[in-house]
2 protein chains.
Amino acid sequence: MGRRRFLQAGVGALGLAPLVATGTHAAWTRTPGAPFSNYGQPAASESGVIRWISANADVPGNGVSWTPLQDLVGTLTPAGLHFERHHNGVPRIDPALHTLTLHGRDARATRWTVAKLLRYPLVSRQLFIECGGNSNSGWLQEPPQAAVGWLHGLVSCSEWSGVPLSLLLEEAGVARRHGWLIAEGSDAFGLHMSLPLEKAFDDCFIGLYQNGERLRPENGYPMRLIVPGWEGVLHVKWLTRLEVADVPAMSRNETARYTELLPGGRARQFSFFMEAKSLITRPTLGDALAPGDYVDIAGIAWSGRGRIRRVEVSVDAGRSWQDAELQSPVLPLCFTRFRRPWRWDGRRAVLQSRATDATGYVQPAREALLAARGRWGYFHYNAVVSWAVDEDGFISHVYV
Amino acid sequence: MGRRRFLQAGVGALGLAPLVATGTHAAWTRTPGAPFSNYGQPAASESGVIRWISANADVPGNGVSWTPLQDLVGTLTPAGLHFERHHNGVPRIDPALHTLTLHGRDARATRWTVAKLLRYPLVSRQLFIECGGNSNSGWLQEPPQAAVGWLHGLVSCSEWSGVPLSLLLEEAGVARRHGWLIAEGSDAFGLHMSLPLEKAFDDCFIGLYQNGERLRPENGYPMRLIVPGWEGVLHVKWLTRLEVADVPAMSRNETARYTELLPGGRARQFSFFMEAKSLITRPTLGDALAPGDYVDIAGIAWSGRGRIRRVEVSVDAGRSWQDAELQSPVLPLCFTRFRRPWRWDGRRAVLQSRATDATGYVQPAREALLAARGRWGYFHYNAVVSWAVDEDGFISHVYV
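About the criteria used
- Residues numbered from 1 in each chain as written.
- Chains lettered and ligands numbered in written order.
- Predicted model: local features only at pLDDT ≥ 70, side-chain atom pairs only at ≥ 80, totals over all residues.
- Helix = DSSP H or I, 4+ residues; strand = E, 2+ residues; numbered from the N terminus.
- Rg over C-alpha atoms; globule rule 2.2 N^0.38 Å.
- Buried ≥ 20, exposed ≤ 12 C-beta atoms within 10 Å, placed from the backbone.
- Contact = placed C-beta atoms within 7 Å.
- Domains from an automatic or database assignment.
- Nonpolar A, V, L, I, M, F, W, Y, C, P; charged D, E, K, R; others polar.
- Pairing = 2+ DSSP bridges.
- Axes fitted to C-alpha atoms, helices over the stretch in contact; angles between N-to-C directions.
- Core = buried A, V, L, I, M, F, W, Y, C linked by C-beta atoms within 7 Å.
- Least-squares fit on C-alpha atoms with pLDDT ≥ 70 in both.
- pLDDT = per-residue confidence, 0-100.

(A) The arrangement of the overall build of chain A in detail. The secondary structure content of chain A amounts to 6 helices and 24 strands. For a compact globule of 400 residues, the expected C-alpha radius of gyration is about 21 Å, and chain A comes in at 23 Å, within 12% of that figure. Overall size of chain A, expressed as C-alpha extent along the three principal axes, is 75 × 65 × 45 Å. A burial count over chain A gives 52% of its 400 residues as buried. For chain A, the share of sequence-separated contacts (at least 6 apart) that also reach a separation of at least 24 residues comes to 70%.

What follows is the structure in structure tokens.
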């Protein structure tokens, strides 16, 4: 039905018939093109498709860069556009000197070189990684007017390949399943993060490859911890040490950060899971519609709890919802694309998407999230995002 | 079982216990690292992971470049390492001037700009593309000694996103399902390729995005035809014209090339489908084993007919076979990774893999393929590949 209506709207054809189809060869066909290359790069005319950098001027290499979600289509993020979060820049690590050490309570201290780990059995999984601080401009009083990637682009999706952590834990003789594992990164900041040992045994792995090739430096070369579905900060980059412990490290990023006061005086800590979320990536801020235009309302959804079961789209600010089509295959803990065809009738509209995951959890409205999390919220913002189309067809970010 | 045996072999641990795990921070942790980047690049120490170029010195931009399969892990190929086949170089196309025209028998001539197509409904699929000439060194009398990527790397796998061709055909009023569609590329060579209209309606699409971002120039920017599971030459790059016709174009690449004399005087033409194939990518030429080493025999398999159902591995030149483990998800027309743990006992071994696809088709032995295809074979070589491990642990390419 969507297809038929799209065709009836005739959005594509210029209506010229008959065209003279031959005899008009473009200038670039008249001379041989550029030679082969050892490693390809994007087209020069796509040079605007970049990560947007928000760096802290006071601390070298502290900040983030955002994936330009508004320019991307599909479920994967090219490695060169994967979001970054660094605390003190990107270390230039010599893979011949880098090692991974596992030690601690009830563990036989063991050290691996990179070359050694590369010979281990390797698993591959397509997984999103989302920074716990992604989308936190949603806590602002007024909706910021920025591209979807500059608001929500601290999330990316890649195929990661590496060595199951359970294999290393077993090799080091770790028999216990309860307790904590503390991971340390080998950069100037020395990030320490703690995760339950149970998760480490379950599905974590030492990421060595991203989208087929070895990790890029800004994504942890030569190795990072992969913690499927959990917040980005746990995916410790430049991983060099893993310590089995009875208690978590209680480091800066699990106390002064990533801990939030809730209404009523309780606090959230170790919230770990990235809950279900969806975003319309087109049409969105920067796009303009003309009355009668047929467009696909399309975007991405993901959940740290498992597969996306359903995405609904509203064009009337959430008063009514229709199911969007999900692009198969729908993989767990991976971006899922959705689309719903829509014809703009020229009147004000508010576009929203709402994800439901395999556990039945439904992405909350902004008001509900703010009520539950209160004035001190900052991390794990996953509320429904709203884009208003005004009478002139211009699109802006709104709260409803 | 594989895991337990791997651990018993203790390939990983250096056996140092207890290690002093702290207090030895690497040099690169002592100063802030490099700043953020708008578009990331591989690590400097991975600069050897490149496409290997085999260009024809007599014709500018004529030749191929090979994906370094021996260096990659996972099911996806980074766009920068996707194999290339150009006839006359890579055109630098201005996307504001490029158009796609559809015309011909029973078609209302229609033209689309790139901007227009980008607003159409988009589908995404993870698909391999393999050159029909891939692996054709297999026809040589003696097995060439080269890395697996330099012999078999005219195959890559990406997530492609674009507009269903059926949508454009319907918009142009094409009601017929029988006949041909002739595709033309906008480069200095002007490739013309014909495919059955039925396939065009079935699952072809106009590829606009590769691995999330817009196509790279060498992969057809701003658009290429995607013909799932069929030979690479049909995936016309820099696509500019589609013509509905009663008969194929009978162009150079479907007559003088891609047509082969068979034993008995018959000929193959329009062979289209890339049949099931598998390759061990490690251990392979360039790797060396020590007696007692435990390794994962691992690699990739794919079929142009559908899903890979089974991959078997032999370490005795095909006298006996064991099932390999397939990495899920197993997607149709996509690379599937396989692995089987193996302990080298120090004696000569010959490693092989053999794929079976969903149709029941089994990848043939080299001898069987040569018998069926004869002395004039050149394209569509998909025989079992063999790697011999000699008594010193060195690995070479062999025919058995």
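Following the structure, the description resumes.
(B) Molecular detail of the domain arrangement of chain A. All names here are of chain A. Examined at the domain level, chain A breaks down into domain 1 (99-258) and domain 2 (277-398). If you average the C-alpha positions of domain 1 and of domain 2, the two centres end up 29 Å apart. Between domain 1 and domain 2, the residue contacts involve 21 residues of the former and 22 residues of the latter. Tallying contributions element by element places strand β6 (residues 123-130) first for the side of domain 1 that touches domain 2, with 3 residues. Classifying every residue of the side of domain 1 that touches domain 2 gives 12 nonpolar, 9 polar and no charged.

(C) Expanded view of the sheet that holds strand β3 (residues 84-86) of chain A. Residue and element names in this part refer to chain A. Strands sit in the order β1-β2-β3 across an open sheet of 3 strands; the sheet is antiparallel. Sheet topology places β1 (52-55) and β3 at the edges, where each strand pairs with a single neighbour. For this sheet the average axis-to-axis angle between neighbouring strands, irrespective of direction, equals 10 degrees. Summarising the sheet, β1 and strand β2 (residues 63-66) pair through 4 bridges and their orientation is antiparallel. Within β2, the residue paired with Ile53 across the bridge is Ser65.

(D) Structural detail: the sheet that holds strand β23 (residues 386-389) of chain B. Residue and element names in this part refer to chain B. Overall, antiparallel pairing links the 5 strands, which are arranged β19-β18-β22-β23-β24 in an open sheet. Sheet topology places β19 (322-323) and β24 (395-398) at the edges, where each strand pairs with a single neighbour. Pairing geometry for β23 and β24, over 4 bridges, is antiparallel. Residue Val389 lies in a different strand from β24, and its bridge partner there is Ile395.

(E) Broad picture of the nonpolar core. Residues A:Ile206 and B:Ile206 are the most contacted members of the largest nonpolar core, which totals 196 residues. Contacts of A:Ile206, omitting those with residues within four sequence positions, involve A:Leu100, A:Leu117, A:Gly162, A:Val163, A:Leu165, A:Met223, A:Leu225 and A:Leu239.

(F) Just the pairing of β2(A), in detail. Two strands pair when backbone bridges link them, and β2(A) and β3(A) are joined in this way by 3 bridges, in the antiparallel orientation. Directly across from A:Gly63, in β3(A), lies its bridge partner A:His86.

(G) Spotlight on the relation of the copies chain B and chain A. Mapping chain B onto chain A is achieved by rotating through 180 degrees and translating by 0.0 Å along the same axis, at an RMSD of 0.0 Å. In symmetry terms, the pair is related by a two-fold rotation axis. Closest to the rotation axis within chain B is the C-alpha of B:Pro78, separated from it by 3.8 Å. Of the interface residues in chain B, 100% have counterparts in chain A that sit at the interface too, so the contact is made through matching surfaces.

(H) Geometry of the interface of chain B and chain A. Contact residues are listed per partner, giving 102 residues for chain B and 102 residues for chain A. Across the side of chain B that touches chain A, the residue classes break down as 50 nonpolar, 30 polar and 22 charged.

(I) Local environment of the pairing of strand β10 (residues 205-210) of chain A. Residue and element names in this part refer to chain A. Summarising burial for β10: 6 of the 6 residues are buried, a large majority. Taken together, the 5 bridges between strand β7 (residues 155-164) and β10 define a ladder with antiparallel strand orientation. Each residue of the ladder has a partner; that of Gly162, found in β10, is Gly207. In terms of strand pairing, β10 meets strand β12 (residues 224-226) through 3 bridges, oriented antiparallel.

(J) Summary view of the environment of B:Gly185. Residues and elements named next belong to chain B. Within the fold, Gly185 resides in strand β8 (residues 180-185). As for Gly185 and Leu239, which are separated by 54 residues in sequence, their C-alpha atoms are 4.4 Å apart. Discounting residues that sit within four places of it in the chain, Gly185 has contacts with Gly190, Leu191, Val236, Lys237, Trp238, Leu239 and Thr240.

(K) Spotlight on the environment of B:Val174. Residues and elements named next belong to chain B. Along the chain, Val174 falls in the loop between α4 (165-171) and β8. Assessed through the 24 C-beta atoms surrounding it within 10 Å, Val174 is described here as buried. The spacing of Val174 and Ser158 is 16 residues in sequence and 30 Å in space, taken between C-alpha atoms. Aside from chain neighbours lying at most four places away, what touches Val174 is Asp106, Ala107, Leu169 and Val244.

(L) Main features of the environment of B:Val311. Residue and element names in this part refer to chain B. Considering the arrangement of structural elements, one finds Val311 in strand β18 (residues 308-314). We classify Val311 as buried; it has 26 C-beta atoms within 10 Å. Setting aside residues no more than four positions away along its own chain, Val311 makes contact with Ser278, Ala301, Ala324, Leu326, Phe338, Ser353, Arg354 and Ala355.

(M) Focus on the confidence of the model for chain A. All names here are of chain A. Looking at chain A, pLDDT values average 94 and 94% of them are 70 or higher. Predicted confidence is poor over residues 1-5, with pLDDT under 50, and the contacts of this stretch with residues over four places away or in other chains come to 5 contacts. Across residues 7-23 the pLDDT falls below 50, and counting only partners more than four positions away or on other chains, this stretch makes 27 contacts in the model. The complex model carries a pTM of 0.95, and its ipTM stands at 0.94.

(N) How the structure looks around unusual backbone geometry. A cis amide bond, omega -5 degrees, links A:Arg282 with the succeeding residue A:Pro283. Between B:Tyr221 and the following residue, B:Pro222, the backbone shows a cis peptide bond with an omega angle of 5 degrees. For B:Pro222, the location among the structural elements is in the loop between β11 (213-214) and β12 (224-226). Within the chain, B:Ser135 stands out as a residue other than glycine whose phi angle is a positive 70 degrees. Within the element layout of this structure, B:Ser135 appears in the loop between β6 (123-130) and α3 (148-152).

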